[in-house]
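# Residue-level structure breakdown
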Amino acid sequence: MKLQLLPSSFDNGGAVSQRQHLSCLIIDDCVAFDAGSLAFSCSERHRSDVRDIFISHTHLDHIAGLPIFVDDLFSVLSEPIRVHATVEMIRVLERDIFNWSIYPKFSELENSVGRVIEYKLFEPESTFPIRHLTFQAFQVNHHEPSVGALVTDGEVSIGVTGDTAPTELIWDAFRNCESLQAVLVECAFPNELASLAEVSHHLTPLSLSLELEKFGRRDVPIYVMNIKPMYMDDVLDQLNDLRIPNLFTLKIGSDYEF
Ligand SMILES: [Zn+2]
């Protein structure tokens, strides 16, 4: 399974920055896990092949690229962009984004072929296919209704927590998944901002270390993502201080094969 975390920003020389403002993972070049930076930094191949977007929750850093992606492709789509989301997420997208005030209500528009966006509902704790992949969604502990997921291609699986504070269910699923090759987990704030992490439902290196005890496996690499750029250096130092083997940061813009 191929995985890439799309860049959010670029440095003065135009190189990919490791500062992650937005969240968008591309799986096997054709399925997006969230759409934060989709449209802003995806490749031509992604523009032509990504037609399925799984939404973990509706915070702006996870959906900012969604309306722009649909807009960008509006006239060339030969099939709708399929947005996989819960009924609560779709309600928020239709009420707060695709409402004509913020952006066009694409669900009411068609190009010369037909619809340009199609909502595909899923329930938390359900299993469903997206292209050649199988997604199993799990409710996590974040502000909006939010899910993480186990994603499998039939041979290997990866676990993605999405944004979450300390949670339970998803760790049981990850621990029991025999084909699990990697876990991608958030760690937004440094330890000294634990109170901010608590009120905003995010993790710190310390609370992440407790989550990994719930996970309980040391044979699976853990990749940290969604570090708030402002605190990146402190979070990286504190992650390093944990001395946890198999703990890495997910390099933005790099291709991973699992
Ligand atoms: Zn969030």
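A few points on the structure. It should be emphasised that the depicted structure is a prediction, and the values quoted were computed from it without experimental measurement.

## A word on the environment of Asp61
Here Asp61 shows up in helix 2 (residues 60-63). When the 19 C-beta atoms within 10 Å are taken as the criterion, Asp61 is described as partly exposed. In the structure, Asp61 is positioned 39 residues away from Leu22 in sequence and 4.5 Å away in space, judged by C-alpha atoms. For Asp61, the residues in contact, after removing those within four places along its chain, are His21, Leu22, Ser23 and Gly36.

## Remarks on helix 7 (residues 205-215)
Among the residues making up helix 7, those that are buried are Pro205, Leu208 and Glu211. Relative to the axis of helix 7, the buried residues are bounded by an arc of 110° and lie together on one face. Exposed and facing more than 90 degrees away from the buried side of helix 7 are Leu210 and Glu213. Residues of helix 7 that are buried make contact with helix 5 (169-175), strand 11 (180-186) and helix 8 (232-241). Count one or two residues on from helix 7 and you reach Gly216, which has phi positive near 80°.

## Re the sheet that holds strand 4 (residues 52-54)
Reading across the sheet, the seven strands line up as 6-5-4-3-2-1-14 and stay open at both edges, with mixed pairing between neighbours. Of all the strands in the sheet, just strand 6 (117-121) and strand 14 (255-257) have a single pairing partner and so form its edges. With strand direction ignored, the average angle separating the axes of adjacent strands in the sheet is 25°. With three bridges joining them, strand 1 (residues 2-5) and strand 14 adopt antiparallel strand pairing. Within strand 14, the residue paired with Leu3 across the bridge is Tyr256.

## Looking at the sheet that holds strand 9 (residues 147-152)
With respect to topology, seven strands assemble into an open sheet ordered 7-8-9-10-11-12-13, the strand pairing being mixed. The sheet is open, and its two borders are formed by strand 7 (127-130) and strand 13 (247-249), each paired with just one other strand. On average, adjacent strands in this sheet sit at an angle of 25° to one another, irrespective of strand direction. Where strand 11 and strand 12 (residues 222-225) come together, four bridges link them in parallel fashion. In the sheet register, Leu184 faces strand 12, and the bridge partner there is Tyr223.

## Re the nonpolar core
Core analysis: the biggest nonpolar cluster contains 69 residues, and Ala32, Leu38, Phe54, Ala149 and Cys187 have the highest contact counts within it. A total of five residues in this core trace back to one element, the largest contributor, which is strand 11.

## Section: unusual backbone geometry
Positive phi, close to 75°, is recorded for Trp100, a residue that is not glycine. A count of 8 C-beta atoms within 10 Å places Trp100 in the exposed class. Although it is not a glycine, His201 adopts a positive phi angle of roughly 60°. One can find His201 in the loop between helix 6 (194-200) and helix 7. The exposure class assigned to His201 is partly exposed, which follows from the 18 C-beta atoms found within 10 Å.

## Topic: the pairing of strand 9
Counting buried positions along strand 9 gives six out of six residues, so the element sits mostly inside the fold. Covered by surrounding structure in strand 9 are Val147, Ala149 and Val151 together with Gly148, Leu150 and Thr152, the residues of both alternating faces. The pairing of strand 8 (residues 133-139) with strand 9 spans six bridges and is antiparallel. Its bridge partner lying in strand 9, Thr134 is registered against Thr152. Linking strand 9 to strand 10 (residues 157-160), which pair antiparallel, is a turn of four residues; within it Gly154 sits at a positive phi near 100°.

Quick notes on the rules
Residues numbered from 1 in each chain as written. Predicted model: local features only at pLDDT ≥ 70, side-chain atom pairs only at ≥ 80, totals over all residues. Helix = DSSP H or I, 4+ residues; strand = E, 2+ residues; numbered from the N terminus. Buried ≥ 20, exposed ≤ 12 C-beta atoms within 10 Å, placed from the backbone. Contact = placed C-beta atoms within 7 Å. Arc of directions from axis to C-beta. Pairing = 2+ DSSP bridges. Axes fitted to C-alpha atoms, helices over the stretch in contact; angles between N-to-C directions. Core = buried A, V, L, I, M, F, W, Y, C linked by C-beta atoms within 7 Å.

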